[in-house]
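# A closer look at the structure
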Amino acid sequence: METLKSIYEVTWFILLVAAGVAVLIGYLYSHFKFYSRSWFFPAALAAFPLLALAVFGGLLGGYTFKLWLYFLLAEAAIAAFFRSVVKGRHTVPYLMLAPAFVGLALLLVYPFIFEVYLSFHDLKLTTIMTWKNTGTLPFVGIDQYVKVFTTSPLSETTFWHLLLRTLVWTFSNVFFHVLGGFILALMLNNHIKFKGFYRTLLVIPWAMPQVVAVLAMRGEFHSTNGFVNIVINKLLAVFPFLAGLGVAPVQWLTDYPLLTCTLINIWLGIPFMMVVILGGLQSISSSYYDAADIDGASYFQKLRFITLPLVRPVMMPAVTLGTVWTFNNINVIYLVTGQAGGTEQADILVSALYKAAFTYNRYSYSAAFALVVFAMLFFFSVFYLKSFDAAKDER
Amino acid sequence: MATVQFKKIIKKFGDNLVLNGVDVDIKDHEFVVIVGPSGCGKTTLLRMLAGLEEITDGEIFIDNLLVNELHPSKREIAMVFQDYALYPHMTVEENMNFALRLRKMPKKEIAARVTEAANILQLNKFLKRMPKQLSGGQRQRVAIGRAIVRKPKVFLFDEPLSNLDAKLREEMRVEIAKLYQRLNATIIYVTHDQVEAMTLAGRIVIMNHGIVQQVGSPIEVYRKPCNLFVAGFIGSPTMNLLSGRLSIADGVSVFFNESLTLPIPAFVLPQKEARDGREVVLGIRPDDVLVEHPGGEKCSSKIEGVLEVCELLGHRENLYLKVGGQRLLATVEAFFNRSPGSAVSLCLNYQNMHIFDKVTERRISE
Amino acid sequence: MKKKMSAAAKRKRLNHLLLHTGLILFAAACVYPLLRIFSVSLRPGDKLVSMDLSIIPAGATLISYTKLLGDTMFLRWLWNSLLITLATSFIGVSLASTAAYAFSRFRFPGKKVGMILLLSSQMIPAGMLILPLFLMIMKLKLMNTYLGMIIAYSVSSLPFSIWILKGYYDTIPRSLEEAALVDGTSQVGAFWRIILPLSTPALSIAFLFNFTTAWNEYLVARVVLFSSKQYTWTLGLFELQGQYITQWGMFAAGSMLVTIPVLCVFLYSSKWLISGLTLGSVKG
């Protein structure tokens, strides 16, 4: 019974979305088709704002005259835009784009702008009820931004500390992803038996649901029951002299949480790089290697002068993506250290951001924090892509 | 079947003028080949007729009906694309009857038309296959079959043979020629290959840089190319073009440059065009360079040259000659038994001599 | 000559031996954690915590599985995840398929800006939009519901899906649609009858991508869902794995049940998935 109800609920929602798309298409189509008719402007102004009020009024705070006025102004602007700028051209592409565009505007652009709004106001646990009821918030200017750089998003770690940690985290992860991926890809790119079988096994960390993989790996780093410490203990039992060298079981999760997270994430990320690089390696024509053999190149010379330069164009976008993903990776860190009483020794910028919002309920503060992180990432990417383009042009 | 008229067609891509005032009239049942080097605008012209490209300016009529704003499917045309554009997810039969199904034609009629087209093109065995299971030539035939079943007013072919290898291309050329006799339809055929143009066309439209250079039957454009471009484009091997000047001595015009001096008889160059000192280009096809020929009335006086290279083609032979500093190509009957470096005498056939103004590039000879 | 050949062959054999050893080690490192979960899931209740490293433990039993299915709402969690994921993937792929077509085939003002916006949306930190989405869902009174989750997920993979699909559409020759236009379809008809059927591989990739993203999502679910009846499996498993060591067996059993089908689908489709990823990312 419950199952039926849930199916009904979801189906109903999908139909609603479909209806919404149909209405949107119809609305825009009328503008494309009739924008130049003399009757269209008054008709549109009379009909559409009223319809919008009827549909959205309840959602957006009552069927008020003010709301109708907003819709009227919006419709006037849209109709004027179609009349003077669009003029009925490019109907098909715009109509095909419209649903995705509206979806993105509502669920990506609007939240983004809302985040900006939040960052200049003060929304926290004490003000959220008034905001819920009245929709107003105290304006605080750039206070939140000042706080980002002066106070800690968690209980002690500062912004600058987090930034440093994030850079170390990102760099070490990406470095080992690429290195590991490259080595594995080179090994797989040979004519050996069971190649497909090895490849299948090697992509398992990527293929497993991340939540399962991370939680399972976290178990392996447990101080007494984890695989890592068990192996260390067994080694110590067999080779007692190792203890003299300082080898001992490690309290991974409490003493070295960041290292643990990094190890887990390296394990998770190598397969993706391996697959991408393997694709690049396989696309290199073997005649280059034949030519190099005739010229008398050694294995490492071939690697240096043929493989690396030819794989580079395939690798660069993957490395860019990988960098952004690693920088933004909350999952691993939160799943390893995020439970109640968890440590903050492993937090990087984005996980601190998540915790500031949802563990400490400092909403506006975290909004300002998020915008600062976004700005950093954005400028890094622009700079990086520019230099990549420049390198492309040189070739 | 129908007539097609292009009236002052202009096409711009941004600031780039692709077609500059194209005027062509195509009569009912005519096989017209539009030929020109790549980038001359010939494919653009065809696509505008099909309705796949917007018309910047000018008018296109099919059967005296203005089609500028008409959707491609309403123009009653069928098109064969360069890459065949067979729908990869449909069988040969579905590919062929797609247009008819779209028009909600009765099933019986569809089946009859597909069978008829399949018979003509010998495709009966392949109707249930997917395009990727066919060879290049078979795909080509399916593409043509897809056009035939529509019974359109005009057939458009966009470089249909350019993806086939040389041997298959010859076969398909003959098939298309046979098909034309059978269908007796209006066909507009675009190609960059002048051999296809010469062999298939009822009339040839030669284009360059977005301008129609000459319209005429194959024999016309071959015998009387109206300008330097057409002269150089049509005919294989290419026409010899010699730059020089005219001088008038005692009422006789003489062509001269550093390497040779040649009197031009009055039946080649009319009096009114012969001006002293006029810069001209003299064109003569390799076939009309007569080597070791007894000479005669229609032939120039002997010219002494040196044989540089011989190329045996089988029944003919290409001779690369040098007269002074001027290179000349002559095509003669095989076997021309001389070793390179030996001296040969040759003369030029006045009957097929072409003279062009160097500045305007227009033909000035008869 | 013969002697030299055998030397080369010997070296090749040695190389291959080394390669196999290396690959086996790496492969073991990749598979072993999964096998450990499997092993834990089979342990009897009193031996959950053990230093044992063998894969099939002594006294292996299925008790964890029966307890998981009987005592917890695991099936309900799976069902919740499935519904939410299917709905978001369906909405996401439908929206992406047409938008990508517009980007691939038409020239229109705003195209370049749109493409840049799509790319830069990838720079938005994952945690950043959770807060406003959470507040929006709260305002719409959709907390703790399927709809709230679907709304929060539906566009998250949209930019990437559009990118993948555009890359694929770009490889379909334009002449196919032109032939369809001449044959009598409209522009939209050509898309529907020619392009969509031809793009099934790319559409499946996009669907799979949407599916895995939503299926494995944890952070948004953590914030939007609070009653265990509405949990997705990620929340449920995290809860199980939590503090009580006694539930380890059930966590492991649940992990196996979730992982096996996902792994099968992934390995089955990995060839397309990878070509799709490179298509989307390498171009541009």
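Residues numbered from 1 in each chain as written. Chains lettered and ligands numbered in written order. Predicted model: local features only at pLDDT ≥ 70, side-chain atom pairs only at ≥ 80, totals over all residues.

## Description of the interface of chain C and chain A
What counts, and what does not: With C-beta atoms placed from the backbone, a contact is any residue pair whose C-beta atoms sit within 7 Å. Note on conventions: DSSP H or I runs of at least 4 residues are helices, E runs of at least 2 residues are strands, and numbering of each starts at the N terminus.
The interface of chain C with chain A comprises 75 residues on the first partner and 73 residues on the second. With 13 residues, the top contributor of residues to the side of chain C that touches chain A is helix α1 (residues 2-42) of chain C.

## Quick word on helix α8 (residues 174-183) of chain C
Think of an α-helix as 3.6 residues a turn; residues three or four steps apart then line up on the same face. Keep this limit in mind: Around each residue's C-beta, the other C-beta atoms within 10 Å are counted; 20 or more make the residue buried, 12 or fewer make it exposed, and counts in between make it partly exposed. All C-beta atoms are placed from the backbone.
By the criterion of burial, α8 of chain C is predominantly enclosed, with eight of the 10 residues buried. Considering only its buried residues, α8 of chain C is in contact with α1 (42-50), β6 (77-80) and α2 (92-102) of chain B together with α9 (187-198) of chain C. Once α8 of chain C ends, the next one or two residues include G184 of chain C, with phi positive near 120°.

## Details of the pairing of strand β10 (residues 211-216) of chain B
The two faces of a sheet get side chains in turn, since along a regular strand they alternate between them. Residues and elements named next belong to chain B. Stated precisely, the cut-off is as follows: Pairs of strands are assigned from DSSP output, requiring at least two bridges between the strands.
As defined by bridge partners, strand β9 (residues 203-208) adjoins β10 across five bridges and the pair is classed as antiparallel. The residue of β10 that forms the bridge with V205 is V215. Here β9 folds back onto β10 in antiparallel fashion, the turn holding two residues, of which H209 has a positive phi close to 50°.

## As for the environment of Q251 of chain A
With respect to the helices and strands, the residue Q251 of chain A is situated in the loop between α12 (241-244) and α13 (252-255). Along the primary structure Q251 of chain A and A207 of chain A are separated by 44 residues, whereas in three dimensions their C-alpha atoms are 29 Å apart.

## Some points on the domain arrangement of chain B
Think of interface size as the accessible area that goes away when the parts come together; that is how it is often given. All names here are of chain B. The cut-off we apply is this: Marked domain ranges trace back to an automatic or database domain assignment. Only Asp, Glu, Lys and Arg are considered charged in this grouping, and only Ala, Val, Leu, Ile, Met, Phe, Trp, Tyr, Cys and Pro are considered nonpolar; every other residue, Gly among them, is considered polar.
Segmenting chain B into domains produces domain 1 (4-233) and domain 2 (240-357). Look at where the C-alpha atoms of domain 1 and domain 2 centre, and you get two points 39 Å apart. Taken residue by residue, the interface counts five residues in domain 1 and five residues in domain 2. Here the side of domain 1 that touches domain 2 is composed, by residue class, of three nonpolar, two polar and no charged.

## Regarding the nonpolar core
Short version of the rule: Here, a nonpolar core means buried Ala, Val, Leu, Ile, Met, Phe, Trp, Tyr and Cys residues linked by C-beta atoms lying within 7 Å of one another.
The biggest cluster of nonpolar side chains holds 272 residues, and the ones touching the most others in it are L353 of chain A, I34, L156 and I188 of chain B together with A96, A99 and I162 of chain C. At 14 residues, helix α3 (residues 74-105) of chain C tops the list of elements feeding residues into this core. Setting aside anything within four residues of it in sequence, one finds I188 of chain B in contact with V4, I26, V32, I34, L46, L49, V154 and L156 of chain B.

## A short note on the packing of helix α7 (residues 159-188) of chain A against helix α16 (residues 299-327) of chain A
Residue and element names in this part refer to chain A. Stated formally: Note on method: axes are straight lines fitted to C-alpha atoms, helices fitted across the in-contact stretch only, with angles between N-to-C directions ranging 0 to 180 degrees. Oblique is the label for every angle not falling under 35 degrees (roughly parallel), over 145 degrees (roughly antiparallel), or within 65 to 115 degrees (roughly perpendicular). Each crossing gets its handedness from the near helix: less than a right angle anticlockwise from the far helix is left-handed, clockwise is right-handed.
Put simply, α7 and α16 touch, their axes get as near as 9 Å, and they point 140° apart. On the basis of their axis angle, the class for α7 and α16 is oblique. Crossing hand, α7 versus α16: right-handed. Of α16, the residues touching α7 (which contributes T166, T170, N173, V174, H177 and V178) are V319, G322, T323, T326 and F327. Broken down by class, the residue content of the contact of α7 with α16 amounts to four nonpolar, seven polar and no charged.

## With respect to the sheet that holds strand β5 (residues 65-66) of chain B
All names here are of chain B. As summarised here, the arrangement of the four strands in space is β2-β1-β4-β5, forming an open sheet in which the pairing is antiparallel. Edge positions in the sheet fall to β2 (16-26) and β5, since each of these pairs with one other strand and no more. In terms of strand pairing, strand β4 (residues 57-62) meets β5 through two bridges, oriented antiparallel. Residue pairing in the sheet places F61 in a bridge with L66 of β5. In the packing of α1 onto the sheet, the strands contacted are β1 (4-13), β2 and β4, and the crossing angle to β1 comes to about 115°.

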